[in-house]
Amino acid sequence: MEIAKAGPDPEVVLEATYGWYWAVDVLTAAGARVHLAHPLGVKGFAYRRVKNDARDAADLADLLRTGRLPEAYAASLAVRQLRELVRYRAKLVAWRSGLKASAHAVLAKQGVHIAVSDLFGFGGRELPARAPLDGAYRGGCPRCAG
């Protein structure tokens, strides 16, 4: 592995950008001490005349060596997994809310008022099935009346 060439316990700097998790995990497993450079703290790199990976790496190493590296928090694998669960649940809740809002919008477009407090609760679920909706909103083909 390439990291072994750096000797025991090398210090490595990565920019905390999209997809950094796997790199931190691999480098840490190989014995490296990993530092995450905070993206907002190193955004000054964008204003340099010369912008390439070699120059970025040299500048990050200089910041680490001089103690001026703006570090981002690298959460542990366990914390990252919990965060992913929370993010995924939030995404599912947002999708569910959007679908419910779409169903209410269809009923409103058709001028259908269903008098229940929770359309998606125990008593409200069968009411939309009996609602007088146009073919496009019923889910069938308007030409084949299905």
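Summarised in this report is the structure supplied together with it. (Residues numbered from 1 in each chain as written. Predicted model: local features only at pLDDT ≥ 70, side-chain atom pairs only at ≥ 80, totals over all residues. Heavy atoms only, no water.)

By volume, the largest pocket amounts to about 160 Å³. What lines the largest pocket is simply Glu11, Val12, Val13, Leu14, Glu15, Asp53, Asp56, Ala57, Leu60, Ala61 and Leu64. The biggest single contributor to the lining of the largest pocket is helix α2 (residues 53-65), with six residues. (1 Å grid on protein atoms, 1.4 Å probe; cavity = no way out; pocket = protein on both sides within 12 Å on 5 of 7 lines; lining within 4 Å. Points joined across faces, edges and corners; volume = space filled by probe spheres on them. Helix = DSSP H or I, 4+ residues; strand = E, 2+ residues; numbered from the N terminus.)

The next thing to look at is the side chain of His35. Within the secondary structure, His35 sits in strand β2 (residues 33-37). Only 3.0 Å separates the side chain of His35 from the side chain of Glu71, close enough to count as a polar contact. If sequence neighbours within four positions are ignored, His35 has contacts with Glu11, Val12, Val13, Leu14, Leu64, Leu69 and Glu71. (Polar contact = N/O pair within 3.5 Å; in protein donor to acceptor, adjacent residues only side chain to side chain. Contact = heavy atoms within 4.5 Å.)

Below, the discussion takes up the packing of aromatic side chains. Applying the stated criterion across every chain yields a total of one aromatic pair. For the ring pair Trp20 and Tyr21, a centre distance of 4.7 Å and an interplane angle of 85° mean the geometry is edge-to-face. A relative accessible area of 15% means that Trp20 is categorised as buried. One residue, Arg80, lies across the ring of Tyr21, its end atom 4.6 Å from the ring centre. (Phe/Tyr/Trp six-rings, centres within 6.5 Å; stacked < 30°, edge-to-face > 60°. Buried < 20%, exposed > 50% of the residue type's maximum accessible area, 1.4 Å probe, protein only. Lys NZ or Arg CZ within 6 Å of the ring centre and 35° of its normal.)

Moving on to the sheet that holds strand β3 (residues 71-72). Taken in spatial order, the three strands of this open sheet run β1-β2-β3, and their pairing is mixed. In this open sheet, the two edge strands, each paired with only one partner strand, are β1 (11-15) and β3. Relative to β3, β2 is paired through two bridges, and the arrangement is antiparallel. Bridged to Leu36 within β3 is Ala72. Running over the sheet, α2 touches β1 and β2 and is turned about 120° from β1. (Pairing = 2+ DSSP bridges. Axes fitted to C-alpha atoms, helices over the stretch in contact; angles between N-to-C directions.)

What follows is about α2. Because an α-helix completes one turn every 3.6 residues, residues spaced three or four positions apart along the sequence face the same direction. Its 13 residues place the ends of α2 18 Å apart at the C-alpha level, agreeing with the 18 Å of an ideal helix rising 1.5 Å per residue. Looking at α2, one finds that the buried residues are Asp56, Asp59, Leu60 and Leu63. For α2, the arc enclosing every buried residue in end-on projection is 100°, short of the 170-degree limit, so these residues lie on one face. For α2, exposure combined with an orientation more than 90 degrees from the buried face picks out Ala54 and Arg65. (Expected span 1.5 Å × (residues − 1). Arc of directions from axis to C-beta.)

Time to look at unusual backbone geometry. Of note, Asp9 is a non-glycine position whose phi angle comes to about 50°, a positive value. Relative to the elements of secondary structure, Asp9 occurs in the segment before β1.

No statement about biological role is implied by the geometric values presented.
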